[in-house]
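Summary of the model geometry
Now for the letters of each chain:
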Amino acid sequence: MPAFKIPFNGYSVKFSPFYENRLAVATAQNFGILGNGRVHVLSLPPSPGAPIVETAAYDTSDAVYDIAWSESHDSILVAAIADGSVKVYDTNLPPASNPLRSLQEHTREVHAVDYNPSRRDSFLTASWDDSIKLWTVDRPISVRTFKEHAYCVYAAAWNPRHADVFASASGDCTVRVWDVREPGSTMIIPAHDFEVLYTDWNKYDDCILATASVDKSIRVWDIRSFRVPITVLNGHNYAIRKVKFSPHRGSLMVSCSYDMTVCLWDYMVEDALVGRYDHHTEFTVGVDMSVLVEGLLASTGWDELVYVWQHGTDPRAP
Amino acid sequence: MANPSTDTKIENPALAEPRNEGDQNATTTTPKPISSPSVFVNSEPIRPEQVENAVKFLSHPKVRGSPVMYRRSFLEKKGLTKEEIDEAFKRVPDPSPTVQGATVNQDPQPKLVANAQLQAPAQAQQTSAAPTRGVISRVISQPRFHWTHAIYAVGILAVSGAGSAVLFKNALIPRLKSWIRKIASEDENGVVRKPGSKPSATEEAAAAAKTAAEAAAQVAKASQEMMDMNIEEKRCFRNLMDMLEVQQREMREMSFTIRKLEDQTNSSSVVRTYSQDYRLSSSKQPYTNGMAEFNSLPGRSSLPPASVNSSIPPYPKSYIEEFNDLSSNAYQQHMPNSGVAPRSKPWEAGQPPNSSSTYQLQADSDLGNINGSTSRWQQKNVRIAELENEEESKVGPYYSSQAPEQTARRPWVPPQPPPVAMAEAAEAIRRPKPTVQKEQQLTSDHKLDQPLNELQSVTDISETGGAPEARPSEIVEELEGNC
C-alpha cells in the first residue's frame, strides 16, 4: 500500500496489539530538536491499493519520541514526550479530552516507552535523565524509579515471558537487566564499546537479547553467558536505531538505521542478512513488526513518510 | 545480598529450566555459596583478579578525583559485576560520603583504619595533612607528596634564581667595573711606561679597546655619510617629483585647451577626447594600461584602478565573474563586497565597505597568481594615485572639484604593499608601461643637474632593457616611501 505522508519527522511506529489494521506513529517537528509533535493513529485499508487513512491525531507541545499501545485497553496509547512528560491518550474519547493524563516526573526527555505484555497494567519509560520509571495506568505517580545508568537511557524492554524482568539500553555502553522486585539491576552487560541505542528480547527464547549500537553492529546475547555475544551482526553503515525480534519466527529480527535502510536478520543462519529495504530517503528511526499479521512491517523515518508492507514485497509499490 | 530473596520469590512454574541452567552456570567456576535459580541474576562468583585490577584503578590519584558515578560506570563497562565493584570500593576507601560510612567502619584492615583517621584532614587542607604525612600509607599520600614536591621545586627555583641574581649584582658587576677602571688607569700609565716597559695583558686589552673605539668611530662616520647621501638622494628625488609635477601640469593644461577647442568645434566627440585625455594623462601612470578601457570619465585618471567600489558600473565583468565563481554566488554583479561575505563569515555581513573591500583585495591576492598580481597592481595604482592626488590638490582650482571626489571615492585605505617576491608577476602586467616611464626618466635625468649614481644606473639598466622590470617598481616604491 502507498506510503502515508506525515507533516513532521517520524520517530516511532507501533502496531496495535488488538487490531491488525491499526498503527500509531510518533512524530516530531524539526527532527525532534525543537518544536511540536504529533501522535497519529492510522488505519490500514482493507484492499492493498487503497491509501492509509488517519483516524486520529493528537498534537503535543514538544516532540514525541515514542509511542506504545496499551495491552489492556484497545484504545489507549502512551506517548513519550521530549519535555519529560508521559501522556496517555484514549482514541475513543473526543480530542478535547485528550490527553487523558500527563505524567510529569522525568527531568529530561523521555526517549522510550514500553508496555508490559504479561502484566498488562504497567509500563516503563526510559529517559535521558539516566533513569527508568515504572508506572501503572491508574496511578498518577510512578511506582518505581530505577536510577543506575551513568548516561541517557535509550530503551527499556520487558521480557516477554517474565513479567517482572526488563532490560535497558543506555548511552553508558551497558545493557542492564532488572528485576522489578529487586532494588537494583541484576545484571550488567557491557554490550558495546559505544552507546547502545536499543535492546529487545527474543520472543521465543527468554534469555536471548539483541542490542543495537552506534558501532553499526547488532549483538545477540545470551544472558546466561553474557561475557561474549552469541553473534555480532554487521551490515549497517551507520548507527542502528532500533532492533526488534519477530513475534512469529524465533531468530528473525528487523532493524532500522541511520543509513536509511531497514534490514532483516536471521542470526541462526550463516549469512544473517536476509532482507534489506532502502525505501526511505532519510534516517529511519522507527520500525515495527506486526503481531497479528505475519510478515507485516512498518517503518518511519525523518523523511516524513510511513511505510507499511509485507516482507518480501517492495515497500514503495502502490 | 538479594539472591536469597529471589530464591523464595521465584517459585513460579515454568522456571524449572532456569534452575537447571543456573546450576550449569555455577559449575563453570567454583560454585558460589549462594546459587540463584534465576537466570536473570548474575551468579558468577567474584573474580579476585578483576577486583585487584579495580582496586588499582580506584587507587590511582586521577581516578580519586573523579566522581564516583564515572568510576562505577567505567568498571561496569569493563565487565565487572556489581559484587566485584562493591568489593573493590570496599578495599579502596572513598572520601565520598556515600561509600565512607558503610565500608570504612566495617573493614578491619589496619591500613584502612589509619586511612580513615586521615580522611578528615585529607579533605581539609594540605597544611593540616603535614603532621600526618609520616603516618599516611602510600596509597593516600601520593597526591600530597606530589603537591609538596611541586612546592619545594618552585621554592628552590625561586631562591636559586634570586640568589644568582644577587650574586651577579653584588659580586660580578663590581669586578667588571674595577677591571675596566684598572684598564683605563693602566692605559694612562701605559703611555708613560711605553718606551721601556713590557706590554702587559692589560695594556694589550687597552689597545684593543682603543682600536675598537676607533672602528666604531669610523662606522659612525660612515653611517653619517650614508645619512648625508640619503638626504641628498631625497633631495634629488624630490626634484624629480617636481619635474614630474611640472610635466603633469603641462599635460593637463594641454588637455584642457584641447577640450576647450573641441567644445567649441564638435560636441559629439567629447567622449572620445575625454578618453584620449585620459590616456594622455594616464600615460604618466604606468599601470592603467589594462584598465584604461573601462573608465572613460574625465578627471578620474588616477582613480580607476582604485575603483573597487560598486559605484562605477563598467567594472570588468570577467573579474567579477571569476570572483563569483569562487564564491559561488550569482548576485554579486554590483556588490563585490557582498561577494566577500560568504567567504569570511555570514554574521559579519554588516561591516562597512572599507574593510570588506580591503578584504576583497586581500582575498584576491589569495586567489591566485593572476588575481594576486592584479590586486597588487591595484594597490600600487592606488598609492600612485594617492601621491598624485596630493600633488593635484596643491595644483590648481580646477582640480579641486576632482580631488574631493577622488578622496571621497576612496573610502578604504590600501593595504600594505606585499613583499617584493611577487613583483615579477606584477611586472608582467606593467611591462607595456616602462617604456613611457623610461622616457620620463630620461627627460628628468637630463633636467637634473646632479644625477645620482643610483638613478644613473637605473636609467642605464632601463635603457638596456635587461632587467628593467624590477627597477621601475623599486623607484616607485622609493618614491612612495621617501616622499
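Thresholds, definitions, all that
- Residues numbered from 1 in each chain as written.
- Chains lettered and ligands numbered in written order.
- Predicted model: local features only at pLDDT ≥ 70, side-chain atom pairs only at ≥ 80, totals over all residues.
- Heavy atoms only, no water.
- Contact = heavy atoms within 4.5 Å.
- Buried area = accessible area lost by both parts, 1.4 Å probe.
- Salt bridge = Lys/Arg side-chain N within 4 Å of Asp/Glu carboxyl O.
- pLDDT = per-residue confidence, 0-100.
- Helix = DSSP H or I, 4+ residues; strand = E, 2+ residues; numbered from the N terminus.
- UniProt positions renumbered as here; feature names shortened; annotations may be inferred.
- Disulfide = S-S within 2.5 Å.
- Axes fitted to C-alpha atoms, helices over the stretch in contact; angles between N-to-C directions.
- Parallel < 35°, antiparallel > 145°, perpendicular 65-115°, else oblique.
- Left-handed = near helix turned anticlockwise from the far one by under 90°.
- Nonpolar A, V, L, I, M, F, W, Y, C, P; charged D, E, K, R; others polar.
- Pairing = 2+ DSSP bridges.
- 1 Å grid on protein atoms, 1.4 Å probe; cavity = no way out; pocket = protein on both sides within 12 Å on 5 of 7 lines; lining within 4 Å.
- Points joined across faces, edges and corners; volume = space filled by probe spheres on them.

A word on the interface of chain B and chain A. With 21 residues of chain B in contact, the opposing surface of chain A contributes 27 residues. Between chain B and chain A, roughly 2,000 Å² of surface is buried when both sides are summed, and carbon and sulfur atoms account for 58% of that area. For the chain B face of the interface with chain A, the top three residues by lost area are F40, E76 and K82 of chain B, together amounting to 35%. The interface formed by chain B and chain A includes three salt bridges. Two residues, R176 of chain A and E76 of chain B, come together in a salt bridge whose shortest N-O distance is 2.2 Å.

Here we take up the confidence of the model for chain B. Residues and elements named next belong to chain B. Summing up the model confidence of chain B, the mean pLDDT is 63 and the portion of residues at 70 or higher is 37%. The least confident element of chain B, judged by mean pLDDT, is helix α13 (residues 336-340) at 39; the most confident is helix α3 (residues 48-59) at 91. Note on residues 326-344: pLDDT is under 50 here. Beyond four places in sequence and across chains, it has 34 contacts. Scored below 50 in pLDDT, residues 465-471 shows nine contacts in the model against residues more than four places distant or in partner chains. Interface predicted TM-score (ipTM) for the complex: 0.86; the corresponding pTM is 0.51.

Annotation from UniProt places "transmembrane region" (unreviewed entry) at residues 150-172 of chain B. Between the end C-alpha atoms of residues 150-172 of chain B there is a gap of 31 Å, over a span that is 100% helix and 0% strand.

The subject of this paragraph is the state of the cysteines. Applying the stated criterion across every chain yields a total of zero disulfides over all chains. There is no disulfide at C256 of chain A, and the cysteine sulfur nearest it, in C263 of chain A, is 9.8 Å away.

UniProt records the feature "repeat: WD" (unreviewed entry) for residues 103-145, 146-188, 189-231 and 233-266 of chain A in the present numbering. Structurally, residues 233-266 of chain A comprises 0% helix and 56% strand, and the distance from its first C-alpha atom to its last is 9 Å.

Now for the packing of helix α5 (residues 68-77) of chain B against helix α6 (residues 82-91) of chain B. Residues and elements named next belong to chain B. Closest axis-to-axis distance for the α5/α6 pair is 10 Å, and the angle between their directions is 135°. One finds that α5 runs oblique with respect to α6. Here α5 runs over α6; the crossing is right-handed. Along its contact with α5, which presents V68, R71, R72, L75 and E76, the element α6 presents K82, I85, D86 and F89. Taken together, the residues that form the contact of α5 with α6 break down as four nonpolar, no polar and five charged.

Residue and element names in this part refer to chain A. Reading across the sheet, the four strands line up as β1-β28-β27-β26 and stay open at both edges, with antiparallel pairing between neighbours. Edge positions in the sheet fall to β1 (4-5) and β26 (284-289), since each has one partner strand and no second. As paired strands, β26 and strand β27 (residues 296-301) are joined by five bridges and run antiparallel to one another. Looking at the pairing, D288 lines up with A298 of β27.

Let us look at the layout of surface pockets. Residues and elements named next belong to chain A. Estimated volume of the largest pocket: approximately 580 Å³. Along the wall of the largest pocket there are 24 residues; nearest its centre are E71, D114, K203, D288 and V291. If you list the elements that add at least two residues to the lining of the largest pocket, you get β2 (9-15), β6 (64-69), β10 (110-115), β14 (153-158), β18 (196-201), β22 (240-245) and β26. Here the element with the most residues in the lining of the largest pocket is β18; it accounts for three residues. Across the lining of the largest pocket, the residue classes break down as 15 nonpolar, two polar and seven charged.

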